[in-house]
Amino acid sequence: MNRMDLSGLNEQQRKAVLRTDGPVMILAGAGSGKTKTLVTRISYLLEELHVSPYQVLALTFSNKAAREMRDRIGSMVEADVGALQITTFHAFCARILRSEANYLGLSRNFTIYDTSEQKAVVKAILGRHGISTKEVSPFEVLYYMDDLKNHGHYLGRDISECDYEIDQGDSFFTFYQEYEAELHKANAVDFGSLITGVIQLFEKFPDVLKRYQERFKYLLVDEYQDTNRAQFELVKMLSEQNRNVCVVGDEDQSIYSWRGADIRNILDFEEVFSDAKILKLEQNYRSSKNIIEAATHVIARNSQRKGKDMWTNNPHGEDIDIVECFNDKTEGEFVAQKIRELSKEGHPFKEMAVFYRTNTQSRLIEDNLRKNNIPYRVVGGVKFYERKEIKDLIAYMRIVVNEKDSLALSRIINVPARGIGATTLRKLENEAVTNNCSLWEMLDTVVANPENYKHIRLSAKVKSALSHLVTLINEVRVSVDNVAPSSLYEKLLHESGYWDFLKSSKDYESQARMENLEELQNAIVQYEESNKSPSLLNFLETITLDTSGEGDNPENTGEVSLMTIHGAKGLEFLHVFVTGAEENIFPSYKSLENGETAIEEERRLFYVAMTRAMEKLYITFAQGRMLFGQLRFNGPSRFLHEIPNKYYQWRKPNGSTMSSGNSWDSEDDFDDYNQDQSYDEGEAVYQVASFKEEKSAPKAKFPKGVKIIHSLYGEGTVLDSSGYGAEEKVSIKFSDGARKKFLVKFAPLVLA
DNA sequence: TCGACGATCGTTTTT
DNA sequence: CGATCGTCGA
C-alpha cells in the first residue's frame, strides 16, 4: 500500500491536511485550492488514518458544494463514500430532527416551510391581531424571527444562554410565539428552526448529543464565513468531545451577513477554541498577477478582517479593462460585442461570464446577447419551485404526507376552482378551531357526517366538491407507501381536475404551466431513479432543501454564464465581465444608507467578483442608466477608484484608451464631467449636451416650466431658460426648495 | 367569486 | 419601467 501522495499540495495546504487532530481554522483566500485541500484532508483521514467514513461529518452551505466534494473524494479513495456525511447544515439537521422527532413532540413526517409559507403564516397572525400588512410588513416580522433563530434562540430557551438581546414585551415577540405555535400545530418547521431545533434537542437531551458527539470523530465546515451564530453553536456542541474540528473560510468572501452570517465566527475562533491552529492559504492558483494584486488593493481597505497576503506565481497577464459606457444599453452592446470578438479569437463561450449586482440588470445583457446570437444561460433566475402551479401541486403532495399541514390544504382547497371560496374556507377553519382539530380532520368529518354539521350551511355543490377532494387525498394517502411518487403525483394532477383546468384554457400561460408540471413529473421520475428508497416525503424534503437540482440546467454546453455576483461565488472563468460598477448599484443604494459595515460587505462582493477572473477582467459602468423608470447618473463605483491606476486601462466602448485618470474623481466635478466626451450614437433622451439638436432644431432643450431631474439634486422645475445648444443656461428650483443655475451643456440634466 | 385596475415600491437569496 | 398587491365593482 503506497502512502498517499501529497506532493501536489503546497506547504500550507499540506499542513492543513496533516493537522487532523484538534481545532483548525483554515483561512483560504480566493482560488487558493480550498476544496482541493478539504477533499485531500478527508481522503487522508480515510486512507491513512483509517477513519471510518461513518465518523466523518462535513457541513457545507449548498448542495452543489456537497456534491462536488463527495464526487471528488469518490475519485480519490476506495472507501465507501456513500457513508460519508457530507451535507448542508439544513439537510443534516432535518435528518436528525426526523430521527429524533419524538423528543421534541414533532412527528417525523413534518413539513419544512419555506419563506413564502412562513410569510403566509405571519400574515394570518397579523390579521388575527387586526393589523394590516401596511402597518406591519410580514417581512419585518419574518426578519425579526429569523434574526432570533440565526442567533440560536428557540422558545423556552434561557435567554441568558443566547447570544442576543430579546425584549419579551415586544409585540413582535408575541407574534413569534404565536407563529411557533402555529407551525407546531401544522407539524411544520422552518429553515431557521431546523438548526435551532437541533440545538434545543441537544441541550435538553444530553445523551442524544452524546450519541452524535461519539459518532462524529471528525468535523469539517466549509464556507465557514457564512455560518451564523446558531450554526456556530451547533459546531461547538458537536465537536466538544473530540475537538477535531476543521473550519475553512475566507472572511474576505463573506457576503451573506444580511442572512445572518456572522463574521465574529471567524474573528473569534481562537478565543472559543483556545488551542486552535490557524493556517492561511495565500497562494492563488487561479488568476493573473495583475488581477490578484488589484483585488488585494481593494480588499485591503476593509477593517473587518484577519488579513491575508495573497500572491501568485501566475504570469502578470493583461490589464483590467474599465469600460465607461454611455448608458445601460451601450453597456449591454459592449459586452455582447466583446464576447463575439473573444469568440472569434477562439475562446469558447463557456469560459466567459457576465456578472451583475441585481437580477434586473440581466435583462439588457440578455437582449444584446440574443441579438448577437450568443448562447447564454442565466444562472439562478426565476425559481422553478416558486412557480404557482408547481407550488400548487406540491401543496397537494404535502397534504397527503402531512395531514396537519393546513396551509397546504387551504392553498389547494379551491384550486382548481371548486366553488369553495374564502367564506366557505373561513367557516371550515372556524369550525376546526372550535373542535380543536386540524383543517383536514374537519373536512374529513364534515364529509363523512354532513348531518352533524348542518349549522355550517354548505350548499350541495360545495359538499360534493369537498367530498371529491377528500376522497382523492384519502385514496392517495393509503397507497403512499406502495406506489411510486410519480404515480401518486399523476393521480393528484389529473383527478384533482388541475390538468384539465389548464388544458381548457388555451392561453399561452396555461400552456407554459402545463409544461412546467410535466417538468415536475420528470423531476420526480429522476428522483426515483437516483434514489434507493424513494418516498413522497423524502422527495418533498429534497426539493425544499435543494432548489438547485432542477434538472433544467444540463452542465455547460458552451454558453456564456450570466449571474449575480452572489451566485458567482466559488466559480471561476477565463473572461469575466463585471457590469454596472456604479454608485447606487454597486455599492447598492441600500448599502449606502447603512454605513461602513454595509460598504465593507459590498467591497467584499466586489472582491469576489474580481477574483472569479482567471485571465481577463472587464469592469463596465454606464454614465446614465434607467433605474426605476428614471434615468440616473450614478457615477462610477467608488471601488473603481480603489484599484490603483497601474492595473487598468480606462476605455470607451469603441476601444480608445482614455487618460489614465478620469474626470469623475470627486463629486465637485459632476457638473462638467462630460465636458470633452462625444458620442456618435444615442437616443435624444440620453443626450446631455446634444450637438445634433443644436444644428437641426435651435431651441431650448429645457424651456421654462418643464420638470427635470438632476442626477445630484433630483427633481426640479426650470424657472428660467436662456440661449440654446452649447449656450443654453437654466435656472432651476429643486423640490427641496434650493435654486441653482446651470450651463445645460455641462449639467447632468434630463427631462422628467 | 373573480377580474380589472390603480397604487406602491423597488438588493443580494447557498437553505 | 415592471411586477406585485390590495381594493373595488360586477
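Right above here is the structure, for reference.
Quick caveat: nothing in here was measured; it's all calculated off a predicted structure. (Residues numbered from 1 in each chain as written. Chains lettered and ligands numbered in written order. Predicted model: local features only at pLDDT ≥ 70, side-chain atom pairs only at ≥ 80, totals over all residues. Heavy atoms only, no water.)

A. Quick look at the protein's contact with DNA strand C. Close contacts around DNA strand C come from K119, K123, T133, F628 and G629, and that covers them all. For DNA strand C, the fraction of protein-proximal atoms (within 4 Å) that sit in sugar or phosphate groups is 36%. When the residues that make up the surface near DNA strand C are grouped by side-chain class, the tally is one nonpolar, two polar and two charged. (Near = heavy atom within 4 Å. Nonpolar A, V, L, I, M, F, W, Y, C, P; charged D, E, K, R; others polar.)

B. How the structure looks around the packing of helix 23 (residues 508-529) against helix 24 (residues 536-545). At a minimum axis distance of 11 Å, the contact between helix 23 and helix 24 shows a crossing angle of 115°. When the axes of helix 23 and helix 24 are compared, the pair comes out roughly perpendicular. In the packing of helix 23 onto helix 24, the handedness of the crossing is right-handed. Residues L520, A523, I524 and Y527 of helix 23 touch helix 24, and the partners they reach there are N538, F539 and T542. Split by residue class, the contact of helix 23 with helix 24 holds five nonpolar, two polar and no charged. (Axes fitted to C-alpha atoms, helices over the stretch in contact; angles between N-to-C directions. Helix = DSSP H or I, 4+ residues; strand = E, 2+ residues; numbered from the N terminus. Parallel < 35°, antiparallel > 145°, perpendicular 65-115°, else oblique. Left-handed = near helix turned anticlockwise from the far one by under 90°. Contact = heavy atoms within 4.5 Å.)

C. Structural detail: the protein's contact with DNA strand B. In the vicinity of DNA strand B lie 30 residues, with N63, Y256, R357, G421 and T564 positioned nearest. Among all atoms of DNA strand B positioned within 4 Å of the protein, those belonging to sugar or phosphate total 51%. In the model, a phosphate oxygen of DNA strand B is placed 3.4 Å from a nitrogen or oxygen of the G419 main chain. Separating a sugar or linking oxygen of DNA strand B from a backbone N or O atom of L545 is a distance of 3.1 Å. Elements supplying a minimum of two residues to the surface near DNA strand B: helix 18 (422-434) and helix 26 (589-593). When its residues are assigned to classes, the surface near DNA strand B shows 10 nonpolar, 14 polar and six charged. (Polar contact = N/O pair within 3.5 Å; in protein donor to acceptor, adjacent residues only side chain to side chain.)

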